[in-house]
Amino acid sequence: MTAALARPARLLDGRSDLAACVHCGLCLPACPTYQATRDENDSPRGRIHLMKLAVEGRLSTSGAFTHHIDRCLGCRACEPACPAGVRFGSLLERAREDRAAGEGGGGARWLIGAFTGRTSPVAYAVLRALRGSGAAVAGARLPGRIGHALAWLAATAPRSRSASPSTSSSSSTSHSTSPSTSPPLSPRAAADEEMDPSPAYALLEGCIMKGLFGRVHDATRRVLGASGYSERPAAGQGCCGALHAHAGLADGARHLARRNIEAFERSGADWFVVNAAGCGAAIKEYPDWLAGSEEWRERAEHVASATCDVTRLVARGSGLNAELKAAVAHDAPCHLSFGLRDDEAPLEALSAVRGLEIESLPSSDRCCGGAGLYALVHPELSGRILETKLREIEEGEYDTVVTGNPGCMMQIGAGLRRERLRASAAHPVEILDLGLRRAAATAATGTG
Ligand code: SF4
Ligand code: SF4
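Residues numbered from 1 in each chain as written. Chains lettered and ligands numbered in written order. Predicted model: local features only at pLDDT ≥ 70, side-chain atom pairs only at ≥ 80, totals over all residues. Heavy atoms only, no water.

Student: Go over the overall build of the chain with me, naming the residues and quoting the values.
Tutor: Regarding its fold elements, the chain presents 25 helices and eight strands. Each of the 448 residues in the chain was classed as buried or not, and the buried ones make up 58%. Restricting the contact set of the chain to residue pairs at least 6 apart, pairs at least 24 apart contribute 77%. When the accessible surface of the chain is summed, it comes to about 18200 Å², and 52% of that surface belongs to carbon and sulfur atoms. (Helix = DSSP H or I, 4+ residues; strand = E, 2+ residues; numbered from the N terminus. Buried < 20%, exposed > 50% of the residue type's maximum accessible area, 1.4 Å probe, protein only. Contact = heavy atoms within 4.5 Å. Areas by Shrake-Rupley, 256 points an atom, 1.4 Å probe, with all protein chains shown as cover.)

What follows is the structure in structure tokens.
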């Protein structure tokens, strides 16, 4: 006699979401993994079918279940395509929590510990040293996972002056608004310290952004200063918890969420600003993560409503004096489109830069295959998903591709390096920041 299979507890709690799926298949064209593999089990409908089988006790949460749930990008492109309103992102987190509680746990677990745990500052220091040594660039075209990982690391460095003006390449907690090697900022930014201190923002520094994209934090602070905002530090903050939640490590994600809520409340800021769309989408999920406690859910709702992408705040701000002649493509991170639901914000903010030609990539509504640590765990499938964007970038002859999420910057930047394409990847605030300096330089030389 076959022993009854254990029912997955978290998915059992999400039965109403599972039951909402009517198996119409309208989500299949939106799903990048299904488009790449043409395997129904790699589609939203197929994955929901596997979840239902597990809930009915007819399928174990190891084997095929784990394989296809792990291959999901978590991009949530299936959600707006679904006429029944199935909350696939929530189902996916439940499925991964059940999988993590049982066998397996996914190859991403140890990476999460290395990038977000107590020893992560040491890991980032080693990575920055490796990046600075040139070994990452030299090894970026090696085959397999090692080449992929080195290409990702190489992509965290600014590739050219046109993409990234800042010379800072290390972790930075400095609140400086003017690097010594750059032209002076606009009069508005220079006078920032004398301005009315409100509205005030607190910046989520995160883990990978703080460890490898310190220059983007520096640019964020300069651009927000020039837009009329002041900063209130959110002491005690940390990783947003997204990587934990996506891997099914729910207790760790909840612990980090509570820590960030307390840090934001202490800051007294009006806005919780993110420059990593994945972190912003995670904070918007905090009320769901903490739904077990009424007090924490209410506090999480307050923080979620105060959270926005940096480009949204710039677009609402007091206006920038910025100019830059460049052809730039925007690729919207999935978590900006389907998590924060604000994929127009970078385009609105960048429209203030005189001389900038900016347009969305045709596949901007599609995942690049980066998806947190996905590209390191599934390099082959991730590379296939990226291919369409690389061809669009090549044909468009852009100088720079901007995207507001570290995983997307690394994934697209690595692909550009590996294929030796001309364009570079950057964060939208790096372009805004460069535009401020160009305008300041023009004003200083009187050539404007
Ligand atoms: S579109 Fe929605 S209802 Fe239809 S198969 Fe996909 S998840 Fe199910
Ligand atoms: S989250 Fe993305 S990869 Fe996963 S099923 Fe939905 S569309 Fe497909």
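Having seen the structure, we can now continue with the description.
Student: Describe the sheet that holds strand 3 (residues 271-274), listing the residues and the values that go with them.
Tutor: Within a sheet, adjacent strands bond to each other through the backbone by hydrogen bonds, running parallel or antiparallel. Pairing is parallel in the open sheet, where four strands are placed in the order 2-1-3-4. With one partner strand each, in any of the chains shown, strand 2 (230-231) and strand 4 (307-309) form the two edges of the open sheet. Bridge analysis of strand 1 (residues 200-203) against strand 2 gives two bridges, and the strand direction is parallel. Residue pairing for strand 2: Ala200 is matched across the bridge by Ser230. Contacts from helix 14 (residues 214-226) reach strand 1, strand 2 and strand 3, with the element oriented near 175° to strand 1. (Pairing = 2+ DSSP bridges. Axes fitted to C-alpha atoms, helices over the stretch in contact; angles between N-to-C directions.)

Student: Can you explain the pairing of strand 5 (residues 322-330)? Please cite residues and give values.
Tutor: Taking burial as the measure, the nine residues of strand 5 include seven buried ones, the bulk of the element. Summarising the sheet, strand 5 and strand 6 (residues 353-360) pair through seven bridges and their orientation is parallel. Paired with Ala326 across the bridge in strand 6 is Leu356.

Student: Please provide a residue-by-residue account of the pattern of salt bridges, values included.
Tutor: Inspection of every chain in the model, using the stated rule, returns 28 salt bridges. Of the charged contacts, one joins Arg47 and Asp42 as a salt bridge, the two residues approaching to 3.5 Å between their closest N and O atoms. Neither residue differs from the other here; Arg47 and Asp42 are each classed as buried. Beyond isolated ion pairs, a larger network of salt bridges with shared partners links Arg76, Glu79, Glu285 and Arg341. (Salt bridge = Lys/Arg side-chain N within 4 Å of Asp/Glu carboxyl O.)

Student: Tell me about empty space enclosed by the protein, residues and numbers included.
Tutor: Summed over all chains, the structure comprises six cavities of 30 Å³ or more. Within this model, the second largest cavity holds a volume of roughly 170 Å³. If you trace the second largest cavity, you find 17 residues lining it, with Gly74, Arg76, Glu93, His246 and His335 closest to the centre. Breaking the lining of the second largest cavity down by element, the ones donating at least two residues are helix 7 (88-101), helix 15 (242-246) and helix 17 (277-289). In terms of residue count, helix 7 provides more of the lining of the second largest cavity than any other element does, six residues in total. Residue-level mapping places the lining of the second largest cavity at the junction of two domains, with at least three residues from each of domain 1 (9-101) and domain 2 (126-141 + 167-313). (1 Å grid on protein atoms, 1.4 Å probe; cavity = no way out; pocket = protein on both sides within 12 Å on 5 of 7 lines; lining within 4 Å. Points joined across faces, edges and corners; volume = space filled by probe spheres on them. Domains from an automatic or database assignment.)

Student: Account for helix 17, naming residues and giving values.
Tutor: Helix length check: helix 17 (13 residues) gives 18 Å between terminal C-alpha atoms against 18 Å at 1.5 Å per residue, within 8%. The axis of helix 17 is deflected most strongly, by about 30°, at Ile283, and proline Pro287 appears within four residues downstream. Among the 13 residues in helix 17, eleven count as buried, and that is most of the element. Among the residues making up helix 17, those that are buried are Ala277, Gly278, Cys279, Gly280, Ala281, Ala282, Ile283, Glu285, Tyr286, Pro287 and Trp289. (Expected span 1.5 Å × (residues − 1). Bend = angle between axes of the 7 residues up to and from the residue.)

Student: Please set out the site of ligand 2 residue by residue, giving values where relevant.
Tutor: Taken together, the neighbourhood of ligand 2 is formed by 13 residues, with Cys31, Cys72, Cys75, Arg76 and Cys78 sitting nearest. Secondary-structure elements contributing two or more residues to the shell around ligand 2 are helix 3 (32-37) and helix 4 (44-55). Residues of the shell around ligand 2, tallied by class, amount to nine nonpolar, two polar and two charged. (Near = heavy atom within 4 Å. Nonpolar A, V, L, I, M, F, W, Y, C, P; charged D, E, K, R; others polar.)

Student: An account of the pairing of strand 1 is requested, with residue identities and associated values reported.
Tutor: Here strand 1 shows no split at all, with Ala200 and Ala202 on one side and Tyr201 and Leu203 on the other all buried. When strand 1 meets strand 3, the two strands line up parallel, connected through three bridges. Bridge pairing in strand 3 links Leu203 to Val273.

Student: Got a sec to walk through unusual backbone geometry? Specific residues and values, please.
Tutor: Of note, His23 is a non-glycine position whose phi angle comes to about 60°, a positive value. Within the secondary structure layout, His23 lies in the loop between helix 2 (15-20) and helix 3. A relative accessible area of 33% means that His23 is categorised as partly exposed. Its identity as a non-glycine residue notwithstanding, Arg38 has a phi of 60°, on the positive side. Looking at the element boundaries, Arg38 is found in the loop between helix 3 and helix 4. The class for Arg38 is exposed, based on a relative accessible area of 54%.

Student: How would you summarise the packing of aromatic side chains if you had to cite specific residues and measurements?
Tutor: Taken as a whole, this structure holds three aromatic pairs when the rule is applied. With a centroid separation of 5.9 Å and 25° between ring planes, the pair formed by Phe115 and Tyr124 is classed as stacked. Judged on exposure class, the residue Phe115 and its partner Tyr124 are both buried. Plain terms: the ring middles of Tyr286 and Trp289 are 5.2 Å apart, the flat faces sit at 50° to each other, and that makes the pair tilted. One end of the pair, Tyr286, and the other, Trp289, are both in helix 17, three residues apart, so they sit about a helical turn from each other. (Phe/Tyr/Trp six-rings, centres within 6.5 Å; stacked < 30°, edge-to-face > 60°.)

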